Amino acid sequence: MSRRPFLAGNWKMNKLVGEAVDLVKGIVDGVKGIIDKDILVCPPFTALSEVSKIVKGTNVNLGAQNCSYKDSGAYTGEISPSMLLDLGCSYVILGHSERRTYFGETNEIINEKAKLAISKGLKIVYCVGEVLEERKNNQTFDVIKKQLDQVLYNLDLNSVIIAYEPVWAIGTGLTASPEQAEEVHSFIRKTVSNIVKDAGKNFDVNDLVILYGGSVKSSSIKGLMECEDVDGGLIGGASLKAEEFLNIINNAK
Ligand code: PEP
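What counts, and where the lines are drawn
Residues numbered from 1 in each chain as written. Predicted model: local features only at pLDDT ≥ 70, side-chain atom pairs only at ≥ 80, totals over all residues. Heavy atoms only, no water. Helix = DSSP H or I, 4+ residues; strand = E, 2+ residues; numbered from the N terminus. Buried < 20%, exposed > 50% of the residue type's maximum accessible area, 1.4 Å probe, protein only. Pairing = 2+ DSSP bridges. Axes fitted to C-alpha atoms, helices over the stretch in contact; angles between N-to-C directions. Contact = heavy atoms within 4.5 Å. Parallel < 35°, antiparallel > 145°, perpendicular 65-115°, else oblique. Left-handed = near helix turned anticlockwise from the far one by under 90°. Nonpolar A, V, L, I, M, F, W, Y, C, P; charged D, E, K, R; others polar. Core = buried A, V, L, I, M, F, W, Y, C linked by side-chain atoms within 4.5 Å. Phe/Tyr/Trp six-rings, centres within 6.5 Å; stacked < 30°, edge-to-face > 60°. Lys NZ or Arg CZ within 6 Å of the ring centre and 35° of its normal.

Q: Can you tell me about unusual backbone geometry, naming the residues and giving the values?
A: Phi at Lys12 takes a positive value of approximately 50°, unusual for a residue other than glycine. Positive phi values are uncommon outside glycine, yet Asn138 reaches one of about 60°. When you line up the elements, Asn138 lands in the loop between helix 6 (132-136) and helix 7 (140-152). For Asn138, a relative accessible area of 70% corresponds to the exposed category.

As structure tokens, this is what we get:
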């Protein structure tokens, strides 16, 4: 088993280039010497180039928040996996609930993006999670199983990190309790184990990194990470200030 704490910041559509540079400088300075955790920042596309120059050669990895399912050509407005690699990205977030909700991304589209991104050499942070109504109707496991089954079946799982992000917890200040998180995280590991078996894949599911996301703060990360199957966090709002993101990283054990 080779899991270690993984802390990722999703900056969403925030930070102009100068602000992004200031933020990442604070993070890079604050994490110097940390060698037992994986750290990832995902700025908006417009800041990737400048942020990339600052994280180069450090222990901070660079990721994007989305990519195209095509790698080049007449797809106005799209950004391809090769373009992200060219800018120094090693990760891309896919399937975030905001992309599913506001931009109509389905499991099928996300699978296309994931296949291409991985084939080009990116790792993906694949987000899954239920909306409040689904939780209330006891559909959480069904929804997540479908999100996993329909996207992961033909992917190289060595390039996949899963982020469980209950949609009702994203940006709302409501965090899943450690018990609620662990219940779903262990379900995710079991479901991926079944996918591995069904597809005859050679992958040890104990190596799968599963992040929790949804209003994580420096005060909540410790309790969440005490859960056996919670390996880290995907952090939105609280990753926009270097001090709070660094506190989260330091409290993640
Ligand atoms: C996210 O957008 O991935 C997220 C978890 O946001 P927040 O931490 O702000 O809830």
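Q: Describe the sheet that holds strand 5 (residues 123-128), and please don't skip the residues or the numbers.
A: On the basis of which strands lie adjacent, the closed barrel formed by eight strands has the order 1-2-3-4-5-6-7-8 and parallel pairing. Each neighbouring strand pair of the sheet contributes to a mean axis angle of 25°, computed without reference to strand direction. In this sheet, strand 5 lies alongside strand 4 (residues 91-94) in parallel orientation, the contact comprising four bridges. What sits directly across from Val92, in strand 5, is Ile124. In the packing of helix 8 (residues 178-198) onto the sheet, contacts are made with strand 5, strand 6 (160-164) and strand 7 (210-213), and the angle to strand 7 comes to roughly 145°.

Q: Mind laying out the packing of helix 5 (residues 107-120) against helix 7, listing which residues take part and the relevant values?
A: The N-to-C vectors of helix 5 and helix 7 enclose an angle of 40°; their axes lie 8 Å apart at closest approach. Taken together, the axes of helix 5 and helix 7 lie oblique to each other. Read as a crossing pair, helix 5 and helix 7 show a hand that is right-handed. Each of Asn107, Glu108, Ile110 and Asn111 in helix 5 lies in contact with helix 7, whose residues at this interface are Lys146, Gln147, Gln150 and Val151. Class assignment of the residues belonging to the contact of helix 5 with helix 7 gives a composition of two nonpolar, four polar and two charged.

Q: Summarise the nonpolar core; cite the residues concerned and give the values.
A: The tendency in soluble globular proteins is for nonpolar side chains to be buried as a group. Grouped together as the largest cluster of nonpolar side chains are 69 residues, with contacts concentrated most on Ile124, Leu148, Leu152, Ile162 and Ile188. No other element matches the seven residues that helix 8 contributes to this core. With near-sequence residues (within four places) excluded, Leu148 lies in contact with Tyr126, Val128, Tyr153, Ile162, Ile188, Thr191, Val192 and Ile195. Residues Ala8, Leu40, Val125 and Ala163 belong to the second largest nonpolar core, which totals 13 residues.

Q: Residues and numbers for the packing of aromatic side chains, please.
A: One pass over the structure, following the stated rule, counts four aromatic pairs. Where Tyr102 meets Phe103, the ring centres are 6.5 Å apart and the plane angle is 90°; that geometry is what we call edge-to-face. Just as Tyr102 is exposed, Phe103 falls in that class too. In this arrangement the basic side chain of Arg99 is found over the ring face of Phe103, its NZ or CZ atom lying 4.2 Å from the centre.

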